[in-house]
Amino acid sequence: MNLRKLISLLILVTIFTNILSGCSGGSDVKNSSKVQEFKITEDNPTVNADGIDIMFSEYDINEETTVSIQKVEPQNLFNEEVTKEDVLVNTFEIKVPQVESFTSLINIDIPYDESFIENGSVKSNVGAMYYDEAQSQWIPIPFEIDEANKTVRIITNHLSTYSVFTIKNENTRAAKIIKVNSFPPLPSGISQVFEAVIDEAINNTMTPGKQAFELGQSVVSDWLGISGATLTSITQTLYASEFASGLGNAFNNVGLAAAMVQAAYDFSSGKDKELFTNLTKNLSYFSVGRWGSNALQLSFVGVYAIDYSLNKFATAAWDGRKEIWYEAYKAYYEKENIRTAKQWYSKLYWIWQDTKESKDPNALKAAIDNELTSYVNAFWNLPDSDKAFWQSEIQKTGFSGGGGLNKKLEEEISNAHKARLVKDLQEPVFDKLEQAVRWQLTEEYTKELINLKNYLNKSTNVLITENLKAGEKAEYAGYIVRFAPLNDTAYVPSWTGKIKDDGTAQTQFTALGHIQSGAPDALLLFEPDANPDTDEPIKEIPFKISFPNMQINLKEMYPTMDEIAGNWQTVYMTFPNIEADLNYIKSEGGECDFTAEMVELFKVARMKCKFEIQKIDETNATLVFGITSGINTSTGEALDMEPDPPVSASATYNEGVFASKVIMDDEMAINLSLDMKKTQEGNIVFENTSTIIGEDENGKIMKITINLKGQKE
C-alpha cells in the first residue's frame, strides 16, 4: 500500500499485541544549530537561509524587520519504534517578533532528500507539518512538492515550527506508526461533482447530505486506499452505532469542505456563475453557523473574481481624455491623494474582516464598492478653492468659474477612473485577497480531515475472555487466536496471539489499523499445536467493534435468572408481516373486525410493552406481559388505543433462552423464545421474531409476524 496513504494520520496503526508499548518522545525542542537572523524590508521581503527559503508579502512588512530561523530536532516524534534511521526530518523554528499577525500568505520552501528514499516515491514518501505548542502535537498542513527543485512549499499565514519529512521505506512498520501527517490534495474527479454537493447543501439549509458523504468517501479512498464499498460496509454493520454515526458525519463534512475549496478555485476564474448566483441568492436565509459561515466566505471569492471585460471601454475613455477637468482630477490623485496597492490591500482586507460575520453575501461587495466610489469622488468633494488650485496647476491662465463642469462630466470621469482602478488592482490586491479566502477554506478542509483522522485514530482496548468464575480452570489456555479475515497488506503476526492461563488475552488497535488490515469481523480459535495459516479453527466468534473498550467472549455468556428478573423499561413490539383473509375476520354482528386500513396501520405501528420477569427459581419464572401504548412510526403520532390489563404466563429459562406462551384477552397466543444476551456494556438484551395466531370457531385465520426487542440496563 502507498505510504502516503499509510502515514496520513498521527498514529496510523496501533498493532495487535499482548505487551503494549509505552514509549514516547521528548517534550522539549532540542536545538541542532545556532539561530540565524536575517533582515527583510518592504522592497526585499525574502529570506534565503541555509536549508530554507521564506517569501513574505511586502504588504506585511512596514519597516526593516528581523527574521530568526533555527534548525531544531522535532519534539514528540521519535521513539523506540520510529527512529532517525526510518525518517529524515528537516525542522525549522521561525520567528518574526516585530510582526504580530500577517494579513497575507507566506511561502516556506524546505528541501527534501530524495536519495534517502529506498522504497517508494517522492509523492508517497514526502510530506509536511507544523508543531502546535498549545496541543503539543504535529498538525498536518497543505503543501506542494516541487520535484524540479526538490523542495516542499508550505503556504501559511502564521509562523511556528515547520517540518518536511522523508520516509526511507514505504511499507515498514515504522512508517505505519510514525507521528507525521500527509494529507491528500482534492480528490480526483471533484470538478465533476462539487456543484451537486453544494447545491444539495443549499437545498438542505447548508447541511451536507448523501452527495457530500460520497465525496468524503472518495477523499478517504484516494487518501488511504480503502474502497467506498468497504467504508460503507464497516460503518453500517461492523462498528457500534455511535462511532459509525460520528464517522459518517466526518465523511459528510470532509466532502462539503472539499467541494467549497474546489468552488473557490472555479469562482476565482469566473466559472460556475449559476452556482455562485444560487449560493448568494440563498445564503441570506441560512444562519451564519458552521457551514453558513464557510459558504459566506465562498461567496466572497466571487466578489473578487469580477469579470471586468465590460469595463474596457471605460478604461479606454479614461486613458483618452484630454479635458482640463480630467487633467486636474488626474493630477490630484497622482500627487496628493495617492493610494498604493499595499494601502488598498490593507484597506480592503480589513473591510473583508469586518464583514465576515454578516449574513448578507452582498455586504462585502457593497462595502468594497462604497470604498472605491468614495475614493474616486474625493476630488469633487473638495472645496471649490482646492479644485481651482488643481485646475490652475494644469491651466496656468487661472480659474474662471465652473469651466463647463457639471454632474454628468463628474460621473463620467469618476466612473472611468473607477474602472481603471479596479483593473489595476486586480492582480496586486483582488487576486491576493482571493488567495487568502481560498487558503481559509483550505484550512477548514484540513480541519475536517483532522477530525476524520481523530475518528480513525480512536483505539479500542480488546478483552478476549472465557468469563471464568472464581476457581474455574481455563479451557482454552494456550490456544491460538487470530482476527479474520485479513488482507494482503496486514501484518498477520500483529493480529495473532495466545490465550493465557487465566483464560484471557488483551490487545489494542485503532479504527484505521483495523480497516487497513481488512476490517476483520471474527475471532478464530485454534488448538495450541495448530497452524493458523493452514488448519481449520475449532471456533469462529463474530464481534462488533465499540470504543474505547470491547469484549470478545470465547464462551457464551448467559445472564443469570437474577440478572434478567425484574421490570424491563425498554421493550417494543413491531409487526413486519401480516397474513389475513379479511373476508373471514368478522365479529358476531357480521361487521369486519380487521380492515385493510388496520393492516396498514399495524405495519407502521410500534408498541411499548409491559415486560416483567418474576423469578420462581433459577429455571422458572412468571412473565407479566401487556401492551401499554403505541405510536405510528411514519408520522410520529400516538396511536388512539385503550390497552388491556397485562396478563401473566409461566416461563422457563435454560442456557440463555427464556420461553413462554402468552395468551392475550382476545385469545391470541404469542409464543416467545428469547435469547438473552449480555452486552459489552453490561446491559441485558433480547430480540426475537415470532408469530401471533388468531383463532375463531373456524380455526386459524390470521397470522401476524411480530418482532419483540428489549433491553434491561
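The model shown is predicted, which means the values in this text are computed figures rather than measured ones.

Caption draft 1: Quick look at the overall build of the chain. Within the chain, the regular secondary structure consists of 18 helices and 29 strands. A buried classification covers 48% of the 713 residues belonging to the chain. Taking all contacts inside the chain whose residues are at least 6 apart in sequence as the whole, residues at least 24 apart take part in 72%. About 34500 Å² of surface is accessible on the chain, with carbon and sulfur atoms providing 46% of the total.

Caption draft 2: How the structure looks around the confidence of the model for the chain. Summarising the model, the chain shows a mean pLDDT of 80, and 77% of its residues fall at 70 or more. Under a pLDDT of 50 for its full length, residues 1-29 has, in the predicted model, 117 contacts with residues more than four places off or in other chains. The low-confidence segment residues 305-314 (pLDDT under 50) makes ten contacts with residues lying over four places distant or belonging to another chain.

Caption draft 3: Just the sheet that holds strand β16 (residues 504-510), in detail. In spatial order, the strands read β16-β13-β19; together these three strands make up an open sheet with mixed pairing. Every interior strand has two partners, whereas the edge strands, β16 and β19 (549-553), have only one. Averaged over all pairs of adjacent strands, the angle between their axes in this sheet comes to 20°, without regard to strand direction. By the bridge criterion, five bridges tie strand β13 (residues 459-465) to β19 in an arrangement that is parallel. Bridge assignment links L463 to a residue of β19, and that residue is Q551.

Caption draft 4: Highlighting the packing of helix α11 (residues 324-335) against helix α14 (residues 384-394). Viewed as axis vectors pointing N to C, α11 and α14 meet at an angle of 105°, and their least axial separation amounts to 8 Å. In this view, α11 runs roughly perpendicular relative to α14, as classed from their interaxial angle. On the side of α11, the interface is formed by I324, W325, E327, A328, A331, Y332 and K335, while α14 contributes K387, W390, Q391 and I394. For the contact of α11 with α14, the residue count by class is seven nonpolar, one polar and three charged.

Caption draft 5: Structural view of the sheet that holds strand β10 (residues 143-146). Here five strands make up an open sheet; going across it, the order is β3-β4-β7-β11-β10 and the pairing antiparallel. Each end of this open sheet is capped by a strand with a single partner; those strands are β3 (46-49) and β10. The mean inter-strand angle of the sheet, taken between neighbouring strand axes irrespective of direction, is 15°. Note that strand β4 (residues 52-55) and strand β7 (residues 106-111) share three bridges and pair antiparallel. Bridged to I54 within β7 is I108.

Caption draft 6: Broad picture of the pattern of salt bridges. For the structure on display, the rule yields 18 salt bridges. Residue D369 is joined to K418 by a salt bridge in which the shortest nitrogen-to-oxygen separation is 2.6 Å. Residue D369 is located in helix α13 (residues 363-376), and its partner K418 is located in helix α15 (residues 407-456); the two are separated by 49 residues in the primary sequence. Each of the salt bridges in this network shares a partner with another, and the network as a whole consists of E466, E475 and K555.

Caption draft 7: Quick look at the nonpolar core. In terms of nonpolar packing, the biggest core is built from 93 residues, with F379, I464, F483 and I552 touching the most fellow members. Per-element tally for this core: the top contributor is α15, with 16 residues. Beyond its immediate sequence surroundings of up to four residues, I552 is in contact with V462, L463, I464, T465, F483, L523, I541 and F543.

Caption draft 8: The arrangement of a negative patch on the surface in detail. Among the surface-exposed residues, E527, D529, D535 and E536 lie close enough to one another that they form a single negatively charged patch. Position of E536 among the secondary structure elements: in the loop between β17 (522-526) and β18 (539-542).

Caption draft 9: The arrangement of the packing of aromatic side chains in detail. All told, the structure shown has 31 aromatic pairs when counted by the stated rule. Centre to centre, the rings of Y345 and Y349 are 6.0 Å apart; their planes meet at 20°, and the pair counts as stacked. Pair noted here: Y345 and Y349 are both in helix α12 (residues 341-355), with a separation of four residues, about one helical turn. With respect to class, Y345 is no different from Y349; both count as buried. Relative to F625, the ring of F611 lies with its centre 6.4 Å away and its plane at 90°, an arrangement referred to as edge-to-face. In this pair, F611 is assigned in strand β22 (residues 605-615) and F625 in strand β23 (residues 620-632), connecting sequence segments 14 residues apart.

Caption draft 10: A look at the packing of α13 against α15. Closest axis-to-axis distance for the α13/α15 pair is 10 Å, and the angle between their directions is 125°. As summarised for this structure, α13 and α15 are arranged oblique, according to the angle between their axes. The chirality of how α13 crosses α15 is right-handed. Between α13, through I368, D369, L372, T373, Y375 and V376, and α15, the contact on the second element is made entirely by S414, H417, K418, L421, V422, L425 and F430. Considered class by class, the residues forming the contact of α13 with α15 number eight nonpolar, three polar and two charged.

Rules behind the numbers
Residues numbered from 1 in each chain as written. Predicted model: local features only at pLDDT ≥ 70, side-chain atom pairs only at ≥ 80, totals over all residues. Heavy atoms only, no water. Helix = DSSP H or I, 4+ residues; strand = E, 2+ residues; numbered from the N terminus. Buried < 20%, exposed > 50% of the residue type's maximum accessible area, 1.4 Å probe, protein only. Contact = heavy atoms within 4.5 Å. Areas by Shrake-Rupley, 256 points an atom, 1.4 Å probe, with all protein chains shown as cover. pLDDT = per-residue confidence, 0-100. Pairing = 2+ DSSP bridges. Axes fitted to C-alpha atoms, helices over the stretch in contact; angles between N-to-C directions. Parallel < 35°, antiparallel > 145°, perpendicular 65-115°, else oblique. Nonpolar A, V, L, I, M, F, W, Y, C, P; charged D, E, K, R; others polar. Salt bridge = Lys/Arg side-chain N within 4 Å of Asp/Glu carboxyl O. Core = buried A, V, L, I, M, F, W, Y, C linked by side-chain atoms within 4.5 Å. Patch = residues over 30% accessible without salt bridge, like charges linked within 9 Å, V, L, I, M, F, W, Y side chains within 5 Å. Lys, Arg positive; Asp, Glu negative; His and termini not counted. Charge placed at Lys NZ, Arg CZ, Asp CG, Glu CD. Phe/Tyr/Trp six-rings, centres within 6.5 Å; stacked < 30°, edge-to-face > 60°. Left-handed = near helix turned anticlockwise from the far one by under 90°.

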